[in-house]
Amino acid sequence: MGESELGNVTQRIGIMGGTFDPIHYGHLVAAEEARVAFGLSRVVFVPSGHPPHKTHQAISSGWDRYLMTMLAVLDNPHFDISDTEVRREGPSFAIDTVREFKRAYPEGTEFYFITGADACLEILGWKDSSQLLAECRFIAATRPGIPSSHLREEITRLYPGVTDRFSVLEVPALAISSTDIRSRVREARSIRYLVPELVRQYVERQGLYGRG
Ligand code: ATP
Ligand code: MG
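Residues numbered from 1 in each chain as written. Chains lettered and ligands numbered in written order. Predicted model: local features only at pLDDT ≥ 70, side-chain atom pairs only at ≥ 80, totals over all residues. Heavy atoms only, no water.

Asks: How should I be thinking about the packing of aromatic side chains in this particular structure?
Replies: Aromatic ring pairs are reported here in terms of the distance separating the ring centres and the angle at which the planes meet. Applying the stated criterion to the full structure yields twelve aromatic pairs. Where Phe38 meets Tyr112, the ring centres are 5.7 Å apart and the plane angle is 45°; that geometry is what we call tilted. Of this pair, Phe38 sits in the loop between helix H2 (25-37) and strand E2 (42-47) while Tyr112 is found in strand E4 (residues 110-116), placing the two residues 74 residues apart along the sequence. Under the relative-accessibility criterion, Tyr112 is labelled buried at 5%. Ring geometry for Tyr159 and Phe166: centres 4.5 Å apart, planes at 20°, overall stacked. Across the pair, exposure class does not vary: Tyr159 and Phe166 are buried alike. Members of the aromatic cluster, connected to one another through ring pairs, are Phe113, Trp126, Phe138, Tyr159 and Phe166. (Phe/Tyr/Trp six-rings, centres within 6.5 Å; stacked < 30°, edge-to-face > 60°. Helix = DSSP H or I, 4+ residues; strand = E, 2+ residues; numbered from the N terminus. Buried < 20%, exposed > 50% of the residue type's maximum accessible area, 1.4 Å probe, protein only.)

Asks: I'm lost on the site of ligand 1 in this one. Help?
Replies: Close to ligand 1 lie 21 residues, the nearest being His24, Gly116, Asp118, Ser178 and Thr179. Interatomic distance of 2.9 Å between a backbone N/O atom of Leu174 and a nitrogen atom of ligand 1. One of the backbone nitrogen or oxygen atoms of Ile176 is found 3.1 Å away from a nitrogen atom of ligand 1. Taking 590 Å² as the accessible area of ligand 1 by itself, protein coverage stands at 90%. Taking a 2 Å distance to the grid points as the criterion, the majority of the atoms of ligand 1 fall inside the largest pocket. Going through the elements one at a time, strand E1 (12-18), H2, E4, helix H6 (117-120) and helix H9 (178-186) are the ones with two or more residues in the shell around ligand 1. For the shell around ligand 1, the residue count by class is five nonpolar, twelve polar and four charged. (Near = heavy atom within 4 Å. Polar contact = N/O pair within 3.5 Å; in protein donor to acceptor, adjacent residues only side chain to side chain. Areas by Shrake-Rupley, 256 points an atom, 1.4 Å probe, with all protein chains shown as cover. 1 Å grid on protein atoms, 1.4 Å probe; cavity = no way out; pocket = protein on both sides within 12 Å on 5 of 7 lines; lining within 4 Å. Sits in = over half its atoms within 2 Å of the grid points. Nonpolar A, V, L, I, M, F, W, Y, C, P; charged D, E, K, R; others polar.)

Asks: How should I be thinking about the packing of helix H3 (residues 62-73) against helix H10 (residues 197-206) in this particular structure?
Replies: When two helices pack together, their arrangement is given by the angle between the helix axes and the distance between those axes. In the contact formed by H3 and H10, the axes pass within 8 Å of each other and the chain directions differ by 150°. Put simply, H3 runs roughly antiparallel to H10. The way H3 lies across H10 gives a crossing that is right-handed. Here H3 contributes Asp64, Leu67, Met68, Leu71 and Ala72 to the contact with H10, which in turn contributes Leu198, Val199, Tyr202, Val203 and Gln206. (Axes fitted to C-alpha atoms, helices over the stretch in contact; angles between N-to-C directions. Parallel < 35°, antiparallel > 145°, perpendicular 65-115°, else oblique. Left-handed = near helix turned anticlockwise from the far one by under 90°. Contact = heavy atoms within 4.5 Å.)

Asks: Got a minute to help me understand the sheet that holds E2 in this structure?
Replies: In sheet architecture, strand pairing relies on hydrogen bonds along the backbone and comes in two forms, parallel and antiparallel. A sheet is described by the order of its strands in space; here six strands give the open sequence E3-E2-E1-E4-E5-E6, paired in parallel fashion. The open sheet has two edge strands with one neighbour each: strand E3 (79-81) and strand E6 (166-169). In this sheet, adjacent strand axes meet at a mean angle of 25° when their direction is disregarded. Helix H5 (residues 94-104) contacts E1, E2 and E4 of the sheet and is inclined by roughly 150° relative to E4. Of the strands in this sheet, strand E5 (137-141) and E6 are in contact with helix H8 (residues 148-158), which crosses E6 at around 170°. (Pairing = 2+ DSSP bridges.)

Quick look at the structure:
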């Protein structure tokens, strides 16, 4: 441990943003692998209130997605959940959330924004992306369909000068997506073992993703 770390022990916090409609094991594995690999003391899941890039599609209410996320993270003492984006009016921008976290945590806390490979390549389209890249680091978890070599190349191409803000994290490939889970429910196919059991029961009880 270096001297500066002795005097001022830095805490690392992971921020796992997403629509989580519903949360599934792909999200949970990515967060857990990031936590261990980067020595994060906690990973805070932040369900998006009004995802700016999903305005063209119907999504479940913020509180349904919040509650499913809560049920999914409850059994991991290192996982937490924030309702900041669900409560906030207007589109949910990562930059607002990161700044809010910075105000809430002790000075010197390092923030790691965890994304999947697909979301990582879209950051330039996020609000104030250059400020966001200055405020936190990014962990890009591999996701089926985007090989890690391609991911590294794309990061270098898209984010010249700030590629050191990104780390690629190999996670066990889970070809699970919320889109697939929603279509399974619609088609009355099983979602067991793709989402935590309590999430499966919540979807069933609330009649989410039905034929409508
Ligand atoms: P949808 O199909 O509705 O877009 P999704 O499965 O992509 O849902 P999101 O809520 O959009 O889930 O994703 C939140 C974050 O989790 C994003 O950064 C996304 O890249 C990442 N992610 C989602 N699924 C996986 C997975 N299977 N492996 C790794 N990362 C994932
Ligand atoms: Mg997605």
